[in-house]
Protein chains: 2
Amino acid sequence: MSSSDSPLPKFRRRAEARPDEVLDAALSLFMEQGFARTSVEQVARRAGISKGAVYLYFESKEAILVGLVNRAIAPLSEVLFENITSFEGDPRPALAQILRLMGQVMGQQRNRAVPLIVLHEAPAAPNIAALFREAVLDRSIPAISALLAQGVAGGYIRSVDPEMTARTVIGPILAHIILFEIFGIAKDDGLQMDRLIENHITILMAGLEPQKEH
Amino acid sequence: MSSSDSPLPKFRRRAEARPDEVLDAALSLFMEQGFARTSVEQVARRAGISKGAVYLYFESKEAILVGLVNRAIAPLSEVLFENITSFEGDPRPALAQILRLMGQVMGQQRNRAVPLIVLHEAPAAPNIAALFREAVLDRSIPAISALLAQGVAGGYIRSVDPEMTARTVIGPILAHIILFEIFGIAKDDGLQMDRLIENHITILMAGLEPQKEH
DNA sequence: TGCTAATAACTGACTGGTCAGTTATTTATT
DNA sequence: AATAAATAACTGACCAGTCAGTTATTAGCA
């Protein structure tokens, strides 16, 4: 370890990349150990700075988590939800498309990480839970409910309860991820998200088939 | 506050009910604040004893949680699972029955409490997660899969993937509870477990209908 | 081009508080 | 008196957040 010829600058002035570097370090540590068991000191070390510097960019430890949630939510543009709510016609192809998209997105571990951390931290940090709920759940679930309600009204699908059916649509994905990530079920076989999605779509399409007139 | 004439004995010797009293106190506190945010001192106070006394009955704080899980699991006798795996015929009525039973059980807040605490504590305490997985998940989910596989083999239901379909069967219940308990969705309307279960059964029964020969 | 403020980036020791688990002591029971 | 049960004070470790001081970088000036 020669210390004399270190070519790396000790500081990097105008470090606008720092907050993102802190978030990267925090995400990897939170994924490994969870939020509560990770200290700010650890985050700082992994980001290559001191603990004090973290507090130059984030007000508190919780603010780091808020930053992570916001960064993860950003790409989920309004476009997706807006398009769904204005949909007309048989909702089943749209549902299948949404499910395949969800499968693709949640098939990536990095996309599962933040929701899982939020899930764990929600009871201890209600404002984090509220943030996630308002930004993700309160937009996506009503959109699916509306899509289903429109399908029922138009007679395209069986006369189901739209709100509860939204749970039947998304529930299996949530369950699959939790069983895999939290309880380690089928860890050897991998997540097999595609296998789940296609099977689920098969059952759902048939289950929503409009009833014969009796 | 006269302290001289207290007729209550300060100690209650030979308290064989103590472990259960500690578990009761711990459960109510864990439900209110979560495991991590509850101190052993608080558990002791609510149980009406001192902190030191808790350690006469439980080796560690985690041992209290293990005790809670075991106490919650005990009533889930083998009978349920054994009966399912040996079932022959159309699995759909059996599935509906299982779902209605799950709905009844998980409709009670006290039955949701321990699983939710485990869900929250699983990442920090892998042995708790493993205990719950082995005692509950590894017995119930394969039982449902076997029931479905038997139904497929006998031509009673559509030719689905039994393991993945098990997620479609139980996923919505899990999702509903999590959305309600952790993210507080539909808190005003109550849990409405029956409404979910009946709607889910409708879709599931139709979705598993055997395909027409083509 | 050098030299000298000025300032932005950063450090690490420190504080105050919490809490799991231990132990010396006290109290009740037989 | 002997013993079991329970207490309360204590220990050691951890950690979020603070702050006085240090170092790198830039700007102004000669």
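Quantities reported herein were computed from a predicted structural model and do not represent experimental measurements.

1. With respect to the nonpolar core
And then number 1: Formed by 140 residues in total, the largest nonpolar core has its most connected members in A:Phe183 and B:Phe183.
And then number 2: Apart from residues no more than four positions distant in its own chain, B:Phe183 is found in contact with A:Val118, A:Leu119, A:Ala129, A:Phe132, A:Arg133, A:Leu137 and B:Ile178.

2. Overview of the interface of chain A and chain B
Size of an interface: often given as the accessible area lost when the parts come together.
And then number 1: With 45 residues of chain A at the contact, the number on the chain B side is 44 residues.
And then number 2: Contact between chain A and chain B buries roughly 4000 Å² in total, counting both sides, with carbon and sulfur atoms accounting for 71%.
And then number 3: Here chain A and chain B share four salt bridges between them.
And then number 4: Taken together, chain A and chain B are joined by 17 residue pairs in polar contact (both at pLDDT 80 or more).
And then number 5: When residues of the side of chain A that touches chain B are traced back to their parent elements, those giving at least two are helix H7 (109-121), helix H8 (126-153), helix H9 (162-181) and helix H10 (193-208) of chain A.

3. What to know about the relation of the copies chain A and chain B
And then number 1: Least-squares fitting of chain A to chain B yields an RMSD of 0.1 Å, with the superposition described by an axial translation of 0.0 Å and a rotation of 180°. Classification of the inter-copy transformation places it as that of a two-fold axis. No C-alpha of chain A lies nearer the rotation axis than that of A:Gly207, which sits 1.8 Å from it.
And then number 2: Mapped onto chain B, 98% of the interface residues of chain A again fall at the interface, so both copies present the same surface.

4. Here's the deal with H9(A)
Residues and elements named next belong to chain A.
And then number 1: Compared with the 28 Å implied by 1.5 Å per residue over 20 residues, the 29 Å span of H9 between its first and last C-alpha is a close match.
And then number 2: Where H9 bends most, at Ile170, the angle is about 45°, and the proline Pro172 comes one to four residues later.
And then number 3: The element H9 is extensively covered by neighbouring structure, given that 17 of its 20 residues are classed as buried.
And then number 4: A side-chain oxygen of the first residue of H9 lies 3.2 Å from the backbone nitrogen of Glu163; this N-cap is Asp161.

5. Structural notes on the side chain of B:His200
And then number 1: By secondary structure assignment, the location of B:His200 is in helix H10 (residues 193-207).
And then number 2: The exposure class of B:His200 is buried, given its relative accessible area of 1%.
And then number 3: Polar contacts involving the side chain of B:His200 include one to the main-chain carbonyl oxygen of B:Thr168, which spans 3.3 Å.
And then number 4: If near-sequence neighbours (up to four positions away) are discounted, B:His200 is found in contact with A:Thr168, B:Leu99, B:Thr168, B:Val169 and B:Pro172.

6. What to know about the side chain of B:His120
And then number 1: Considering the arrangement of structural elements, one finds B:His120 in helix H7 (residues 109-121).
And then number 2: At a separation of 3.3 Å, a polar atom in the side chain of B:His120 contacts the side chain of B:Glu121.

7. Points about the pattern of salt bridges
And then number 1: One pass over the full model with this rule turns up 22 salt bridges over all chains.
And then number 2: Between A:Glu163 and B:Arg195 there is a salt bridge; the shortest N-O distance is 3.1 Å. Of this pair, A:Glu163 sits in helix H9 while B:Arg195 sits in helix H10, placing the two residues on different chains.
And then number 3: For A:Glu163, a relative accessible area of 39% corresponds to the partly exposed category.

8. As for the packing of helix H6 (residues 91-107) of chain A against H7(A)
Any two packed helices are characterised by the angle at which their axes cross and by the distance between the axes.
Residues and elements named next belong to chain A.
And then number 1: Contact pair H6 / H7: the axes reach a minimum separation of 5 Å and the direction vectors enclose 85°. Of the possible angle classes, the one that applies to H6 and H7 is roughly perpendicular. In contact with Val105, Met106 and Gly107 of H6, H7 contributes Gln109, Asn111, Arg112 and Pro115.
And then number 2: Among the residues forming the contact of H6 with H7, the class breakdown is three nonpolar, three polar and one charged.

9. Considering unusual backbone geometry
Generally, phi is negative for residues other than glycine and the peptide bonds are trans, each holding for most cases.
And then number 1: A positive phi angle is found at A:Ala186, which is not glycine, with a value near 60°.
And then number 2: Within the secondary structure, A:Ala186 is located in the loop between H9 and H10.
And then number 3: For A:Ala186, a relative accessible area of 27% gives the class partly exposed.
And then number 4: Not every positive phi belongs to a glycine, and B:Gln192 is a case in point at roughly 55°.
And then number 5: Position of B:Gln192 among the secondary structure elements: in the loop between helix H9 (162-181) and H10.
And then number 6: The partly exposed category is assigned to B:Gln192, whose relative accessible area is 29%.

Quick notes on the rules
Residues numbered from 1 in each chain as written. Chains lettered and ligands numbered in written order. Predicted model: local features only at pLDDT ≥ 70, side-chain atom pairs only at ≥ 80, totals over all residues. Heavy atoms only, no water. Core = buried A, V, L, I, M, F, W, Y, C linked by side-chain atoms within 4.5 Å. Buried < 20%, exposed > 50% of the residue type's maximum accessible area, 1.4 Å probe, protein only. Contact = heavy atoms within 4.5 Å. Buried area = accessible area lost by both parts, 1.4 Å probe. Salt bridge = Lys/Arg side-chain N within 4 Å of Asp/Glu carboxyl O. Polar contact = N/O pair within 3.5 Å; in protein donor to acceptor, adjacent residues only side chain to side chain. Helix = DSSP H or I, 4+ residues; strand = E, 2+ residues; numbered from the N terminus. Least-squares fit on C-alpha atoms with pLDDT ≥ 70 in both. Expected span 1.5 Å × (residues − 1). Bend = angle between axes of the 7 residues up to and from the residue. Axes fitted to C-alpha atoms, helices over the stretch in contact; angles between N-to-C directions. Parallel < 35°, antiparallel > 145°, perpendicular 65-115°, else oblique. Nonpolar A, V, L, I, M, F, W, Y, C, P; charged D, E, K, R; others polar.

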